[in-house]
Amino acid sequence: QVQLVESGGGLVQVGGSLRLSCAASGSTFRYYRMGWFRQAPGKERELVGSISWSGGPQLSADSVKGRFTITRDNAKNTVYLQMNSLKPEDTAVYYCAARHQSAQNYDYWGQGTQVTVSS
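We now turn to the structure provided with this report. (Residues numbered from 1 in each chain as written. Predicted model: local features only at pLDDT ≥ 70, side-chain atom pairs only at ≥ 80, totals over all residues. Heavy atoms only, no water.)

Turning next to the overall build of the protein chain. From N to C terminus, the protein chain includes 0 helices and 11 strands. Its helices and strands in sequence order give the protein chain the pattern β-β-β-β-β-β-β-β-β-β-β, from N to C terminus. In terms of C-alpha radius of gyration, the protein chain reaches 13 Å, essentially the compact-globule figure of 14 Å for 119 residues. Every one of the 119 residues in the protein chain was classed for burial, and the buried ones make up 42%. Expressed as a percentage of contacts within the protein chain between residues at least 6 apart in sequence, the contacts between residues at least 24 apart total 54%. As displayed, the protein chain offers around 6200 Å² of accessible surface, 45% of which is attributable to carbon and sulfur atoms. Seen as two clouds, the 12 positive and the 8 negative side-chain charges of the protein chain have centres 6 Å apart. (Helix = DSSP H or I, 4+ residues; strand = E, 2+ residues; numbered from the N terminus. Rg over C-alpha atoms; globule rule 2.2 N^0.38 Å. Buried < 20%, exposed > 50% of the residue type's maximum accessible area, 1.4 Å probe, protein only. Contact = heavy atoms within 4.5 Å. Areas by Shrake-Rupley, 256 points an atom, 1.4 Å probe, with all protein chains shown as cover. Lys, Arg positive; Asp, Glu negative; His and termini not counted. Charge placed at Lys NZ, Arg CZ, Asp CG, Glu CD.)

Printed below as a string of structure tokens:
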């Protein structure tokens, strides 16, 4: 079992930055691939990107490449999503999720944190 708690969301102006954090507990963090997802009102949940246990990040959404960065600190059991040059279309609830290295799906989810970008 893995428990995930996101933090760092809030209201920011266009062009601003936010850093989201996701603190994990309950299991061996380094065995999990960590993902960041987001869901805007009326839209499907979208995979923003993920990062392997060794720290190899992969940004999946073309719309965030060059602006968002995913990192993790295995010593702190925490994964981060640094978001720069924010746009109104980045407004969403952001979730972190964990997928065991032997699994195909993300089985553990945080409660989500709201990010609102105002123009």
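When you line up the elements, Asp90 lands in the loop between strand E8 (78-83) and strand E9 (92-100). For Asp90, a relative accessible area of 1% puts it in the buried group.

Turning next to the sheet that holds strand E7 (residues 68-73). Backbone hydrogen bonds are what pair the strands of a sheet, in a parallel or an antiparallel way. Overall, antiparallel pairing links the 4 strands, which are arranged E1-E3-E8-E7 in an open sheet. Edge positions in the open sheet fall to strand E1 (3-7) and E7, since each of these has one partner strand only. Ignoring which end each strand starts from, the neighbouring axes of this sheet average 15 degrees apart. Pairing of strand E3 (residues 18-25) with E8, which is carried by 6 bridges, proceeds in the antiparallel orientation. When the bridges of E8 are listed, Ser21 appears paired with Tyr80. (Pairing = 2+ DSSP bridges. Axes fitted to C-alpha atoms, helices over the stretch in contact; angles between N-to-C directions.)

Core analysis: the biggest nonpolar cluster contains 29 residues, and Leu4, Met34, Trp36, Leu81, Met83 and Tyr94 have the highest contact counts within it. Only E3, strand E4 (32-39), strand E5 (46-51), E7, E8, E9 and strand E11 (113-118) provide two or more residues apiece to this core. Among residues more than four places away in sequence, those in contact with Met34 are Leu4, Cys22, Phe29, Gly49, Ser50, Ile51, Arg72, Val79, Ala97, Ala98 and Tyr106. (Core = buried A, V, L, I, M, F, W, Y, C linked by side-chain atoms within 4.5 Å.)

That's the geometry; what it means functionally is another story.
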